[in-house]
Amino acid sequence: MNIQKQQEAVLPLSLKNLTHLPSSVARPSYDRGSLSAGIVHIGLGNFHRGHQAWYLHRLMQDGLAHDWAIIGAGVRAGDAAQRARLAAQDYLTTLIQLDPKQTTAEVIGSMIGFVPVEENNAALIAQMADPATRIVSLTVTEGGYFIDPATKGFDGAHPDIQNDAKSPQTPITAFGAMIAALKVRRDTGVGPFTCMSCDNLQGNGAVLRQTVVSLARLSDPALADWIDTHCSFPNSMVDCIVPATGPKELELVRSLGIEDASPVTHENFRQWVIEDDFCAGRPDWDKVGATFTDDVHDFEAMKIRVLNGGHQIIANAGELLSIETIAGCMANERIRGLFERVATQEILPHVKAVPGMDPVSYVTLISERFSNPLIVDTTRRVAFDGSSRHPGFLVPSIQDGITRGTPTSGLALVEALWARMCAGRREDGSEIEANDPFWGTLQQTAIAAKVHAPVWLEQRPYYGALADNAEFVAQFAGWLNMIWQDGTEPAIAHYLAG
């Protein structure tokens, strides 16, 4: 339904107010009192509610999956505030689709609870141990899986992991809580659940298996073997641009006549490709547009390298030029040109077509999605956590380019822009506040790289052996020196003219 400016009084979002919401806002047609939980989702932010929870809501609207409702969960102190916000509105969420052609809104009700956030995670463990729980899914960010950046293996030395290895019954990590719940399920004969990552990691199911099984092995090798044998860890690819919620989004939902403390805005595009490997059953998400396949890899590679990699291509340049949004970056002719040329000439040679989409058409699609002026996706949000995103989204294309002899100059420029951004000052002199878990080290290295550029690539946890490739080092050094001397836009213009 198309949104129109509402004149009615603003109503708090709640079950009792559903029937009184403006007629332009769609709402659940199913009886939420008839729903029962089947999924625990850890890391309940905007993306989950605008993506996985929406697919489940659509099934429920069709009279299906009423025994698969979601129970939210979190393991960080800040998650308690999210729980309070959602509990106050009966776990309902207003989704606002921002499309230049037609902006629409709907209230979804596929989530029915949120476990208390506790230091020992006892409530979370109990919920996951409940026989009704058949899937535990996660969105804990790309950097949340305790991966050693140098080896890509499990980081068993991390203090949080060491805590959970020594005190497995009172874990502080989501993975430790999953293991504790699986131990109860094994010992009581309930059986396993499916562990499903919904984060932007290539092979995210395999990564999740590595983390869970490796952590379990530190305290209980027999349990680790049982988990590895009986639980399933499907790989999946998720895609929908979902900005963070701020004052503009809160005002937008109020303009619809709804008081929602945690609304979600999103683009008019969703994609979910899932490996069909569920040990305890699953909803029929394919009936509402998801794709089940035995080969997620090519879908993953296309999306992670072009969309997620593309975000990094434009965000660092945008930060340096004080451009606040991704759409604003794409409105800059040079930044848009940088994205389209790097994606087409330097990333696509390593991307395969997938059913229904060829790589060149996908770049066009992503360019259009990034340019949507209604999606207020901040440059700062997209540039966050470059220490995880550059190694995961861009470095594989650089490595493939070196191995196969395809161009890498534009990718070297992109890495130089990240190095320049990490120095902590935009070109107008304003400060770039800490925007990475390792910001202090990155900033120190970036400042050193202004004098001796190759030192940036010597950060092997992020770049592996790239510092040993003389040609790529020369490309990178040339671009970084040019950026410092002439500026971001002249450097990009030089690349585009080449």
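Above this note sits the structure.
This text gives an overview of the structure that appears in the document. From a predicted model like this one, the values you see are computed outputs, not experimental measurements.

1. A short note on the overall build of the protein chain
Stage number 1. Along the protein chain, the regular secondary structure elements total 21 helices and 14 strands.
Stage number 2. A compact globule built from 498 residues would reach a C-alpha radius of gyration of about 23 Å, and the protein chain, at 23 Å, matches this within 12%.
Stage number 3. In the protein chain, of all internal contacts separated by at least 6 residues, the share reaching a separation of at least 24 is 76%.
Stage number 4. Summed over all atoms, the accessible surface of the protein chain reaches about 19,200 Å², with 51% contributed by carbon and sulfur.
Stage number 5. Charge separation in the protein chain, taken as the distance between the mean sites of 39 positive and 57 negative side-chain charges, equals 3 Å.

2. What about the sheet that holds strand β14 (residues 291–293)?
Stage number 1. Overall, mixed pairing links the 3 strands, which are arranged β10-β13-β14 in an open sheet. In the strand order of this sheet, the two ends are held by β10 (236–239) and β14, each with one partner. With direction set aside, neighbouring strand axes in the sheet form an average angle of 15°.
Stage number 2. Where strand β13 (residues 271–275) and β14 come together, 3 bridges link them in parallel fashion.

3. Comments concerning the state of the cysteines
Stage number 1. Applying the stated criterion to the full structure yields 0 disulfides.
Stage number 2. Free of any disulfide, C240 has its nearest cysteine sulfur in C198, 13 Å distant.

4. Some remarks on the pairing of strand β3 (residues 37–42)
Stage number 1. Across the 6 residues of β3, 5 count as buried, placing the element largely inside the fold.
Stage number 2. Judged from the 5 bridges that link them, β3 and strand β4 (residues 69–73) form a sheet pairing that is parallel. Within β4, the residue paired with V40 across the bridge is I71.
Stage number 3. Two strands pair when backbone bridges link them, and β3 and strand β8 (residues 135–138) are joined in this way by 4 bridges, in the parallel orientation. Note that in β8 the partner of V40 across the bridge is V136.

5. Side note on the side chain of Q459
Stage number 1. Note on placement: Q459 falls in the loop between α18 (439–451) and α19 (460–463).
Stage number 2. Taking the relative accessible area as the measure of exposure, Q459 reaches 10% and is therefore buried.
Stage number 3. What Q459 contacts, discounting residues up to four positions off in sequence, is L442 and T445.

6. Here we look at unusual backbone geometry
Stage number 1. Positive phi, normally seen in glycine, also occurs at A65, with a value near 60°.
Stage number 2. Tracing the backbone shows A65 in the loop between α2 (52–61) and β4.

7. Looking at the environment of V40
Stage number 1. Within the secondary structure layout, V40 lies in strand β3.
Stage number 2. Among the residues examined, V40 registers a relative accessible area of 1% and is labelled buried.
Stage number 3. Separated by 96 residues in the primary sequence, V40 and V136 place their C-alpha atoms 4.8 Å from one another.

8. Description of the nonpolar core
Stage number 1. With 83 residues, the main nonpolar core has I313, I314, F339, F370, L413, W456 and F476 as its most contacted residues.
Stage number 2. Considering each element in turn, this core owes the most residues, 10 residues, to helix α17 (residues 409–422).
Stage number 3. Ignoring any residue separated from it by four or fewer positions in sequence, one finds F370 in contact with I241, L307, G310, H311, I314, I326, A327, M330 and F339.

9. Some points on the pattern of salt bridges
Stage number 1. Within the structure shown, the criterion is met by 20 salt bridges.
Stage number 2. The partner of D239 in a salt bridge is R369, with the nearest N and O atoms 2.8 Å apart. Of this pair, D239 sits in strand β10 while R369 sits in helix α13 (residues 359–370), placing them 130 residues apart in sequence.
Stage number 3. Under the relative-accessibility criterion, D239 is labelled buried at 2%.
Stage number 4. By relative accessible area, R369 is classed as buried at 7%.
Stage number 5. Note that D400 is salt-bridged to R305, the shortest N-O span being 2.8 Å. Note that D400 is positioned in helix α16 (residues 395–404) and R305 in helix α10 (residues 297–320), a separation of 95 residues in sequence. The same class applies to D400 as to R305, namely buried.
Stage number 6. Residues joined in a network through salt bridges with shared partners are D276, R282, D284, D286 and K287.

10. Description of the environment of G156
Stage number 1. As for its position among the elements, G156 is in the loop between β8 and α5 (159–166).
Stage number 2. On the basis of relative accessibility, which here comes to 21%, the residue G156 falls in the partly exposed class.
Stage number 3. Counting along the chain gives 20 residues from G156 to G176, while the straight-line C-alpha distance between them is 12 Å.

11. Let's talk about helix α15 (residues 386–393)
Stage number 1. Among the 8 residues of α15, 6 are classified as buried, and the element is accordingly described as predominantly covered.
Stage number 2. Along α15, the residues classified as buried are G386, S387, R389, H390, P391 and F393.
Stage number 3. Looking at the packing, one finds that the buried side of α15 touches α10, α14 (379–383), α16, α17, α18 and α19.

Definitions and cut-offs
Residues numbered from 1 in each chain as written. Predicted model: local features only at pLDDT ≥ 70, side-chain atom pairs only at ≥ 80, totals over all residues. Heavy atoms only, no water. Helix = DSSP H or I, 4+ residues; strand = E, 2+ residues; numbered from the N terminus. Rg over C-alpha atoms; globule rule 2.2 N^0.38 Å. Contact = heavy atoms within 4.5 Å. Areas by Shrake-Rupley, 256 points an atom, 1.4 Å probe, with all protein chains shown as cover. Lys, Arg positive; Asp, Glu negative; His and termini not counted. Charge placed at Lys NZ, Arg CZ, Asp CG, Glu CD. Pairing = 2+ DSSP bridges. Axes fitted to C-alpha atoms, helices over the stretch in contact; angles between N-to-C directions. Disulfide = S-S within 2.5 Å. Buried < 20%, exposed > 50% of the residue type's maximum accessible area, 1.4 Å probe, protein only. Core = buried A, V, L, I, M, F, W, Y, C linked by side-chain atoms within 4.5 Å. Salt bridge = Lys/Arg side-chain N within 4 Å of Asp/Glu carboxyl O.

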